[in-house]
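Structural features, examined
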Amino acid sequence: MRTMEKGKGVLGSRKWAVEFTDNSSTPSTRDIPDPPGFARASPDQDDSSLTRQKKDAEANWKSQKAWEVAQAPFKNLMMMGFMMWMAGNTVHLFSIGITFSALWQPLSALQGVGKVFDPYKDNKVDLLAPKLLYIALNLGGMLLGVWKLNSLGLLPTHASDWVSSLPPAHEVEFSGGGAALY
């Protein structure tokens, strides 16, 4: 019996072997149906059509994901509206905090529109409509915050809010003189 050296097997004592040749074009394997979900590429189909199909599928996926990202502020809008309703119309720390959060989140989202849609940039994907929807929903969130500021009375919308900046009224009448009665 031979002894094994380090890194080498026993020569001549193979009981089995694996052949790595592709026999997929032989007639015997064509009789076996492909498993579900597996599509064998036909030999006459060239690689350019396969890559075109892959690029089209990727472009469709990117477009779908861009629309999902564009619609995401709607969920935030509904949640913020509910929180504002629960805070009430009295001026206190919680209602002011929620209101400024409702103003700050859309503002910071509007500043990063380009970064949000960067992963979906492609020459086959039109990102204009998703970006416009994203911007419109975030502007709606800011309008919700402004409405809450107004309902809290923190916006100067009445004439009495501007009285301090008005000049004093000019005197129209003047009265003077008279005698003291004892």
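Residues numbered from 1 in each chain as written. Predicted model: local features only at pLDDT ≥ 70, side-chain atom pairs only at ≥ 80, totals over all residues. Heavy atoms only, no water.

So, about the overall build of the chain. Looking only at helices and strands, the chain features five helices and zero strands. Overall, the chain shows an N-to-C arrangement of helices and strands of α-α-α-α-α. Looking at the chain residue by residue over its 182 residues, the buried ones come to 17%. A separation threshold of at least 6 residues defines the contact pool for the chain, and within that pool the share at least 24 residues apart is 71%. (Helix = DSSP H or I, 4+ residues; strand = E, 2+ residues; numbered from the N terminus. Buried < 20%, exposed > 50% of the residue type's maximum accessible area, 1.4 Å probe, protein only. Contact = heavy atoms within 4.5 Å.)

Next up on the list: the packing of helix H3 (residues 93–111) against helix H5 (residues 128–152). Here H3 crosses H5 at 155°, and the two axes come no closer than 9 Å. As summarised for this structure, H3 and H5 are arranged roughly antiparallel, according to the angle between their axes. Our pair here, H3 against H5, has a crossing hand that is left-handed. Counted together, Ser95, Thr99, Phe100, Ala102, Leu103, Pro106, Leu107, Ala109 and Leu110 of H3 and Tyr134, Ile135, Asn138, Leu139, Gly141, Met142, Gly145, Val146, Lys148, Leu149 and Leu152 of H5 form the full contact between these two elements. A breakdown of the residues in the contact of H3 with H5 according to their chemical character gives 14 nonpolar, five polar and one charged. (Axes fitted to C-alpha atoms, helices over the stretch in contact; angles between N-to-C directions. Parallel < 35°, antiparallel > 145°, perpendicular 65-115°, else oblique. Left-handed = near helix turned anticlockwise from the far one by under 90°. Nonpolar A, V, L, I, M, F, W, Y, C, P; charged D, E, K, R; others polar.)

Further remarks concern a nonpolar patch on the surface. A cluster of nonpolar residues, Trp16, Val18 and Phe20, forms a patch on the protein surface that exposes about 460 Å² of accessible area. When you line up the elements, Phe20 lands in the segment before helix H1 (27–30). (Patch = residues over 30% accessible without salt bridge, like charges linked within 9 Å, V, L, I, M, F, W, Y side chains within 5 Å. Areas by Shrake-Rupley, 256 points an atom, 1.4 Å probe, with all protein chains shown as cover. Salt bridge = Lys/Arg side-chain N within 4 Å of Asp/Glu carboxyl O.)

The subject of this paragraph is the side chain of Asn138. Within the secondary structure layout, Asn138 lies in helix H5. Those residues in contact with Asn138, other than ones at most four positions away along the chain, are Pro73, Pro106, Ala109 and Leu110.

The next thing to look at is H5. The end-to-end C-alpha separation of H5 is 36 Å, in line with the 36 Å expected for 25 residues at 1.5 Å each. By the burial criterion, the buried members of H5 are Pro130, Tyr134, Leu137, Asn138, Gly141, Gly145, Lys148, Leu149 and Leu152. (Expected span 1.5 Å × (residues − 1).)

So, on to the pattern of salt bridges. Oppositely charged side chains may form a pair once their charged atoms are brought near each other. One pass over the structure, following the stated rule, counts four salt bridges. The partner of Glu58 in a salt bridge is Lys62, with the nearest N and O atoms 3.5 Å apart. Here Glu58 and its partner Lys62 are both found in helix H2 (residues 47–87), four residues apart, which amounts to about one turn of the helix. Taking relative accessible area as the criterion, Glu58 reaches 42% and is therefore assigned partly exposed. The buried category is assigned to Lys62, whose relative accessible area is 12%. Residue Lys65 is joined to Glu68 by a salt bridge in which the shortest nitrogen-to-oxygen separation is 3.4 Å. Taken as a pair, Lys65 and Glu68 lie in helix H2 at a separation of three residues, close to a single helical turn.

In this structure the tally under the stated criterion is one cavity of 30 Å³ or more. Volume-wise, the largest cavity comes out at about 80 Å³. Forming the walls of the largest cavity are Pro73, Asn76, Leu77, Met80, Ala102, Gln105, Pro106, Leu137, Asn138, Gly141 and Leu144. Elements represented by at least two residues in the lining of the largest cavity include exactly H2, H3 and H5. (1 Å grid on protein atoms, 1.4 Å probe; cavity = no way out; pocket = protein on both sides within 12 Å on 5 of 7 lines; lining within 4 Å. Points joined across faces, edges and corners; volume = space filled by probe spheres on them.)

All right, on to the nonpolar core then. Note that soluble globular proteins tend to have their nonpolar side chains buried in a common cluster. In terms of nonpolar packing, the biggest core is built from 10 residues, these being Ala59, Ala66, Ala70, Ala109, Val113, Phe117, Tyr120, Val125, Leu127 and Tyr134. A per-element tally of this core places H2 first, with three residues. With near-sequence residues (within four places) excluded, Phe117 lies in contact with Ala66, Val69, Ala70, Leu127, Pro130, Lys131 and Tyr134. (Core = buried A, V, L, I, M, F, W, Y, C linked by side-chain atoms within 4.5 Å.)

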